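Here's the letter readout for the chains.
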Amino acid sequence: MKSAAIVLLAAASSFGAGVPTFSGDVYPILKAKCQGCHQKGEVAPMAFTDYQSTRPWAKAIREAVLRGSMPPWHADPKASRAFHNDRSLSAAERQRIAAWAEGGAPEGPAADYAAPERRADGWKLGKPDLVMRIPGFKMPATGDVPYTFVAFPTGLTQDTWIHAAEWRIDKREVVHHVNAFVRPPGSSYVAGHEPLKFFVPTITERRVGRPGEGAFARRELLVGYEPGYAPIPWGPRQGKLIRAGSDIVVEAHYNTNGKELVDHSELGIYFAKQPPAERVVTISVQNMNFTIAPGDPAYRSDAVSGFDAPVKVVSVQPHMHLRGKAMRLTAILPDGRREPLIDVPKYDFLWQTTYFLKDPLALPAGSRIECAAWFDNSPNNKFNPDPKAAVGWGDQSRDEMHIGFTEIAFDAKLDAERVLAPEKKLAAR
Ligand code: HEC
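Here the structure is a predicted model, which means the values were calculated and not measured. (Residues numbered from 1 in each chain as written. Predicted model: local features only at pLDDT ≥ 70, side-chain atom pairs only at ≥ 80, totals over all residues. Heavy atoms only, no water.)

### Focus on the overall build of the chain
Scanning the chain from N- to C-terminus turns up eight helices and 18 strands. For the chain, whose C-alpha radius of gyration is 24 Å, the value lies close to the compact-globule estimate of 22 Å for 429 residues. Residues classed as buried in the chain amount to 50% of the 429 residues present. A fraction of 82% describes how many contacts in the chain between residues 6 or more apart in sequence connect residues 24 or more apart. Placing the 53 positive and 48 negative side-chain charges of the chain at their respective mean positions leaves the two points 2 Å apart. (Helix = DSSP H or I, 4+ residues; strand = E, 2+ residues; numbered from the N terminus. Rg over C-alpha atoms; globule rule 2.2 N^0.38 Å. Buried < 20%, exposed > 50% of the residue type's maximum accessible area, 1.4 Å probe, protein only. Contact = heavy atoms within 4.5 Å. Lys, Arg positive; Asp, Glu negative; His and termini not counted. Charge placed at Lys NZ, Arg CZ, Asp CG, Glu CD.)

Here's what the structure looks like:
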């Protein structure tokens, strides 16, 4: 009698109320934190949109969430600000998923797993006001493809504020990244190429401006796409500015994958309903002058940008290549106080996430942002394409980069050129 009761109790705790169910416990987590990628037509190879499609993956899901490889999110919460696009799991959520898988991955009461919401036209933010369509880039099956450019006249006859921009990628399997830049009229930036025709500019053309030309008068990063990308509008009172007569210049990096393909990715632009109070620009806190010695397991590079006007930090995006190991961005106030922005202790080149601050960080004039990057050029780095190479700045993934892309917002009436502190002044601080 007594032993039967014990058996019953044991059964109840392992298969009964104690085991989380798919419909009641796990599905809501997958919906909130995984389906953005794990659904048909998105980047992940399998969909976690109902019990049938998820059940075979239960064991792999358990391992991935316990290991921390899924969902991809690399900011250390203890040394970073809070981010509004945070998709990481809480310890309780991880445990619930693990307990479900360990308990036989039961469905529980069958539920109606509504298909994730998708717009028929494929634009996540709705129908854009302006669309730039890449005019069919023909990918070879093999080899390196140099960064390829194409310029689109916007046809805008007045200065135009926009509240969002979205990349709709066509051939995800070969698009490594695409960046859209605004090129105001009169800019020297890769100028003189016929619009709507692909071209490959020289490095000098890409880097060097006209003497005295303002950084934003030359070009401004509008929006980039890279693995981990999700289109997110700026805040309700914020926008980017496209001057009348500007072009959009697209810089595309394609990686061959053994097949010939034609890419028609599209950029959608959404006009602001009214002029915003704050202008957003993307700056690169970067260092282009470094050489990582062969085999160096922890090379450190430092970069800094400063501000001559009050700004707010809107988002940060660490960018390195295959030897990237860790990156940290820190704001330093004029009184010397240090405010951590983000700490990515284990950088993963496969995931180029933009981290949007939940509460944009206000910095007074005279503040600066430091960006420290660490690289692992040793054979212990499993992604290292060549530990025997000395490595410096370059486009291809076997070269390196050190950039902390940072979106800042400031009073829309200010001249953007006066917001960034000149390098000389910065060095004196
Ligand atoms: C930003 C996009 C993204 C999000 C969010 C995401 N995944 Fe993934 N996931 C991928 C991609 C892409 C792959 C395939 C490539 C790879 O394995 O890295 C993948 C692979 C996997 C795999 C198989 C490979 C492995 O690591 O075992 C599992 C399991 C997985 N994801 C589980 C999850 C779970 C569970 C969540 C949510 C808690 C999640 N993923 C959220 C993009 C995502």
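Resuming the write-up.
### A look at the sheet that holds strand β5 (residues 175–183)
The sheet built from four strands is open, its strands ordered β3-β8-β5-β6 with antiparallel pairing. Strand pairing shows two members of the sheet lacking a second neighbour, β3 (148–153) and β6 (220–225), which therefore form its edges. The sheet shows a mean angle of 20 degrees between the axes of neighbouring strands, direction not considered. The pairing of β3 with strand β8 (residues 247–254) spans six bridges and is antiparallel. Of the residues in β8, the one forming a bridge with T148 is A252. (Pairing = 2+ DSSP bridges. Axes fitted to C-alpha atoms, helices over the stretch in contact; angles between N-to-C directions.)

### Here's the deal with the environment of V131
Among the secondary structure elements, V131 is positioned in strand β1 (residues 130–133). Distance from V131 to Q286, taken between C-alpha atoms, is 30 Å for residues 155 residues apart in sequence. Apart from residues lying up to four places away in sequence, V131 is in contact with W123, E266 and L267.

### Focus: empty space enclosed by the protein
Going through the model one piece at a time under the given rule, you end up with one cavity of 30 Å³ or more. Its boundaries defined by the atoms lining it, the largest cavity holds a volume of some 50 Å³. Along its surface, the largest cavity is lined by H74, P318, V344, Y347, W351, Q352, T353 and Y355. Its residues assigned to classes, the lining of the largest cavity shows five nonpolar, three polar and no charged. (1 Å grid on protein atoms, 1.4 Å probe; cavity = no way out; pocket = protein on both sides within 12 Å on 5 of 7 lines; lining within 4 Å. Points joined across faces, edges and corners; volume = space filled by probe spheres on them. Nonpolar A, V, L, I, M, F, W, Y, C, P; charged D, E, K, R; others polar.)

### A word on the site of the ligand
Inspection of the region around the ligand gives 21 residues, with C34, C37, H38, M46 and M70 positioned closest. H38 places a polar side-chain atom, nitrogen or oxygen, 2.7 Å from a nitrogen atom of the ligand. In terms of residue count, the dominant contributor to the shell around the ligand is helix α4 (residues 58–67) (five residues). Within the shell around the ligand, the residues separate by chemical class into 16 nonpolar, two polar and three charged. (Near = heavy atom within 4 Å. Polar contact = N/O pair within 3.5 Å; in protein donor to acceptor, adjacent residues only side chain to side chain.)

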